[in-house]
Amino acid sequence: MAQPEIGKKTHTKVEDQPSLKGTLASVFLLGFFLIVTWLGVFFLFVDRF
Amino acid sequence: MHIHKFEKIWLIFGVTTLIIFLTVIGVSAFYLGNQPPSCLATVNPENVDTTAPFNEPGLKKVEGKEWDYELVFVASAFSYNPGKVEVPLGAKVKVIATTKDVIHGFEVAGTNINMMLEPGFISEYVTTFDKAGEFLIVCNEYCGVGHHTMTSKIEVIE
């Protein structure tokens, strides 16, 4: 009996890398927050006697 | 080992900022010579009143040192001696303080002068008073029932 599905190849798209865009954005958001607060305290320290 | 491109980016970013922060601390300590306020200088807490410089609390002009004045404070429950002191604007001052009894704090509000005074140890801080005005000194280490009344004042005058 003919098997019509046998000749068809189903293509399953597999991403070779997971998307990390959101992770990148949140890492840099945290990074810049740390830098801004660190600089704020540092300049406060430098400005005071 | 495979590392995602984004992972490389934030690893480099994180390591770089860490190196910058640590470099700033290193320069502050080893090039500018910053150190903890209480750095191995000791005094017998029972003889504070008879030991120089604590036998004469207050502002004193000194010659031949890196600073122009020495400002000596003696703390005890629940006051500072002197209770008020005037410092000329722009003077480079070494603040020298200790305590006669328990642990006290020595915070000049709104400045970087913030030290812990421990019995038996001398706390020091060198700074240039470059802003005129009145500065409140408060005790920020709980020292007993009169802790909240323990204050002094520095007046920076032109």
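Residues numbered from 1 in each chain as written. Chains lettered and ligands numbered in written order. Predicted model: local features only at pLDDT ≥ 70, side-chain atom pairs only at ≥ 80, totals over all residues.

**Student:** What am I meant to see in the overall build of chain A here?
**Tutor:** Scanning chain A from terminus to terminus reveals one helix and zero strands. For chain A, the residues scored as buried account for 0% of the 49 residues in total. (Helix = DSSP H or I, 4+ residues; strand = E, 2+ residues; numbered from the N terminus. Buried ≥ 20, exposed ≤ 12 C-beta atoms within 10 Å, placed from the backbone.)

**Student:** Help me out: how do you make sense of the domain arrangement of chain B in this one?
**Tutor:** Frequently, the measure chosen for interface size is the accessible area that the parts lose on association. Taken domain by domain, chain B holds domain 1 (1–34) and domain 2 (45–157). The gap between the C-alpha centroids of domain 1 of chain B and domain 2 of chain B is 37 Å. (Domains from an automatic or database assignment.)

**Student:** What's the story with the environment of Y69 of chain B in this structure? I'm lost.
**Tutor:** Tracing the backbone shows Y69 of chain B in strand 2 (residues 69–76). Expressed as a C-alpha distance, the spacing of Y69 of chain B and V87 of chain B, which sit 18 residues apart in the sequence, is 9.0 Å.

**Student:** Please explain the UniProt feature "transmembrane region" (unreviewed entry) in chain B as it appears in this structure.
**Tutor:** Mapped onto this numbering, the UniProt entry annotates "transmembrane region" (unreviewed entry) at residues 9–32 of chain B. Between the C-alpha atoms that bound residues 9–32 of chain B the distance is 33 Å, and the span itself is 96% helix and 0% strand. (UniProt positions renumbered as here; feature names shortened; annotations may be inferred.)

**Student:** Where do I start with the nonpolar core in this structure?
**Tutor:** Note that soluble globular proteins tend to have their nonpolar side chains buried in a common cluster. All names here are of chain B. One finds F73, A75, V95, A97 and F106 to be the most contacted residues of the largest nonpolar core, which totals 23 residues. Secondary-structure elements contributing two or more residues to this core are strand 2, strand 5 (92–99), strand 6 (104–108), strand 7 (114–117) and strand 10 (151–157). The leading source of residues in this core is strand 2, at five residues. Here V95 is in contact with L71, F73, I113, E124 and Y125, once residues within four sequence places are set aside. (Core = buried A, V, L, I, M, F, W, Y, C linked by C-beta atoms within 7 Å. Contact = placed C-beta atoms within 7 Å.)

**Student:** Hey, could you run me through the environment of V87 of chain B in this one?
**Tutor:** All names here are of chain B. Examined against the element boundaries, V87 turns out to sit in strand 4 (residues 84–88). Sequence-wise, V87 and L71 are 16 residues apart; in three dimensions their C-alpha atoms are separated by 8.8 Å. If near-sequence neighbours (up to four positions away) are discounted, V87 is found in contact with L59, L71, V93, F129, I154 and V156.

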